[in-house]
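The lines below spell out each chain.
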Amino acid sequence: MRLDLGEELRERLRAGEAGLVGFADLSPVPAEVRLGLPRAVSVAAALRAETIAGLAEGPHLEFLADYERLNALLTELALDAVAWLGERGYQATALATVVQPGQFDVPTLTSPLPHKTAATRAGLGWIGKCALLITEQYGPAVRLTTVLTDAPLPGGAPIEESRCGECVACLEACPGEAVSGKLWNAGRAREDFFDAYACRKSCREQCEPQGISETLCGRCIAACPWTRGRR
Ligand code: B12
Ligand code: SF4
Ligand code: SF4
């Protein structure tokens, strides 16, 4: 039996080591933000179990290596999806896996179309109290990328409410006091439940002594029970 467009693309990306692939209807997002394209392919790739094991004590060089591996993998997968959709006559454009100058507002720490928006719209997960995308399969231990397109891909069921419940594991693990403990929903602004500046400050304070020039931490990833579930 011939696979349809969405199944074929999902199989292709998963064969390229994507952990999760979903399709999003982006109609609630303003047209200029999604570059006039109505849908998105959301792709998640998972951290290695060995990387996560050390994260409870903060960022380390293996995390940096895995971070770079996943950024390269996701960029390659996104460019492959763009080419594959283009060959079939569809418009497609990849959002940068790692934001580039001009695509990011430094004072507010925001990108115009966050990868997490495409991911929740594709049904890959919800936004946790730690402000990361939480997937049932890997918890927050994933990095994300997004391809915008006009291809007629079947939209997943959007997730618009938190599934964190009473859990406060990330709040207790966060050295920067960035996590308020409030539950996310799709209408709630990041600032209303998470302090991105406090997180960034703590990430940098932890990275500097390790000689890591990126802004990494991930203690909230190690603490999340959805992450522990995959070990
Ligand atoms: C700025 C930034 C930071 C800042 C601010 C963090 C933040 N949460 O905004 C700092 C420097 C602190 C940071 C730190 C980290 N980051 Co960072 N960061 C980004 C970046 C470049 C932009 C995020 C952004 O625009 N934020 C603005 C706010 C408004 O958006 P948001 O929180 O990302 O998402 C909101 C919307 O998606 C909204 N939403 C969800 N669904 C829907 C649906 C609709 C219809 C609407 C309207 C809105 C909506 O809810 C979310 C929460 O409010 C993204 C890459 C990207 N281009 O998306 C990576 C990204 C968010 N970071 C990531 C990671 C992994 C980290 C770190 C673990 C360190 C690291 N680099 O490994 C820490 C963890 C911090 C944390 N607990 O969130 C991953 C997250 C993966 C995941 N599982 O969610 C991303 C997606 C990078 C990637 N390519 O994978 N980061
Ligand atoms: S990455 Fe670190 S500082 Fe930022 S929210 Fe998670 S635990 Fe807190
Ligand atoms: S640790 Fe608990 S509260 Fe935090 S994101 Fe994971 S499930 Fe949600």
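Worth saying up front: this structure is predicted, and the values here are computed from it rather than measured. (Residues numbered from 1 in each chain as written. Chains lettered and ligands numbered in written order. Predicted model: local features only at pLDDT ≥ 70, side-chain atom pairs only at ≥ 80, totals over all residues. Heavy atoms only, no water.)

### Here we look at the overall build of the protein chain
If you tally the helices and strands in the protein chain, you get eight helices and six strands. In the protein chain, the succession of helices and strands from N to C terminus is α-β-β-α-α-β-α-β-β-β-α-α-α-α. Seen through its principal axes, the protein chain has C-alpha atoms that stretch 50 × 35 × 35 Å. For the protein chain, buried positions account for 45% of its 231 residues. (Helix = DSSP H or I, 4+ residues; strand = E, 2+ residues; numbered from the N terminus. Buried < 20%, exposed > 50% of the residue type's maximum accessible area, 1.4 Å probe, protein only.)

### Re the sheet that holds strand β6 (residues 142-149)
Read from one edge of the open sheet, four strands run β1-β2-β6-β3, paired in antiparallel fashion. The open sheet terminates on both sides in strands that have one partner only, identified here as β1 (20-25) and β3 (92-95). On average, each strand axis in the sheet is inclined to that of its neighbour by 25°, with strand direction left out of account. In this structure, β3 lies alongside β6, joined through four bridges in antiparallel fashion. When the bridges of β6 are listed, Thr93 appears paired with Leu148. Lying on the sheet, helix α1 (residues 5-15) is in contact with β1 and β2 (39-46); it crosses β1 at an angle near 145°. Helix-sheet contacts for helix α3 (residues 61-87) involve β2, β3 and β6, and the interaxial angle to β6 is about 20°. (Pairing = 2+ DSSP bridges. Axes fitted to C-alpha atoms, helices over the stretch in contact; angles between N-to-C directions. Contact = heavy atoms within 4.5 Å.)

### Observations regarding the site of ligand 3
The environment of ligand 3 is formed by Gly128, Lys129, Cys130, Ile134, Cys164, Cys167, Ala169, Cys170, Cys224, Pro225 and Trp226. Of all the secondary-structure elements, those providing two or more residues to the shell around ligand 3 are α5 (169-173) and α8 (225-228). Of the residues in the shell around ligand 3, the class split is nine nonpolar, one polar and one charged. (Near = heavy atom within 4 Å. Nonpolar A, V, L, I, M, F, W, Y, C, P; charged D, E, K, R; others polar.)

### Some words on the pattern of salt bridges
Within this structure, the stated rule accounts for ten salt bridges. Salt-bridge contacts for Asp80 lead to Arg12; the nearest nitrogen and oxygen are separated by 2.7 Å. Here Asp80 is found in helix α3, whereas its partner Arg12 is found in helix α1, with 68 residues between them in sequence. With relative accessibility at 26%, the residue Asp80 sits in the partly exposed group. A residue is classified by how much of its surface remains accessible, and Arg12, at 37% relative accessible area, is partly exposed. Salt bridges sharing common partners tie together Arg48, Asp66 and Arg69. (Salt bridge = Lys/Arg side-chain N within 4 Å of Asp/Glu carboxyl O.)

### Notes on the site of ligand 1
Near ligand 1 you find 35 residues, and of these Thr120, Cys130, Leu133, Leu144 and Arg190 are the closest. Backbone polar atom of Leu133 to an oxygen atom of ligand 1: 2.7 Å apart, as the coordinates give it. Between ligand 1 and Arg143 there is a distance of 3.3 Å, counted from an oxygen atom to a side-chain nitrogen or oxygen. Among the elements that take part in the shell around ligand 1, helix α4 (residues 115-121) stands out by supplying five residues, more than any other. A breakdown of the residues in the shell around ligand 1 according to their chemical character gives 23 nonpolar, seven polar and five charged. (Polar contact = N/O pair within 3.5 Å; in protein donor to acceptor, adjacent residues only side chain to side chain.)

### Some thoughts on the side chain of His60
Structurally, His60 can be placed in the loop between α2 (49-53) and α3. Setting aside residues no more than four positions away along its own chain, His60 makes contact with Thr51, Gly54, Leu55, Gln210 and Ile212.

### Examining helix α6 (residues 196-207)
Relative to the 16 Å expected for twelve residues at 1.5 Å per residue, α6 spans 16 Å between its end C-alpha atoms, a close match to the ideal helical length. Along α6, the positions that sit buried rather than exposed are Ala196, Ala198, Ser202, Cys203, Gln206 and Cys207. For α6, the buried positions fall inside an angular range of 160° around the axis, keeping them on one side. Buried residues along α6 sit in contact with α7 (219-223). The N-cap of α6, judged by a side-chain oxygen 3.1 Å from the amide nitrogen of Tyr197 a few residues on, is Asp195. (Expected span 1.5 Å × (residues − 1). Arc of directions from axis to C-beta.)

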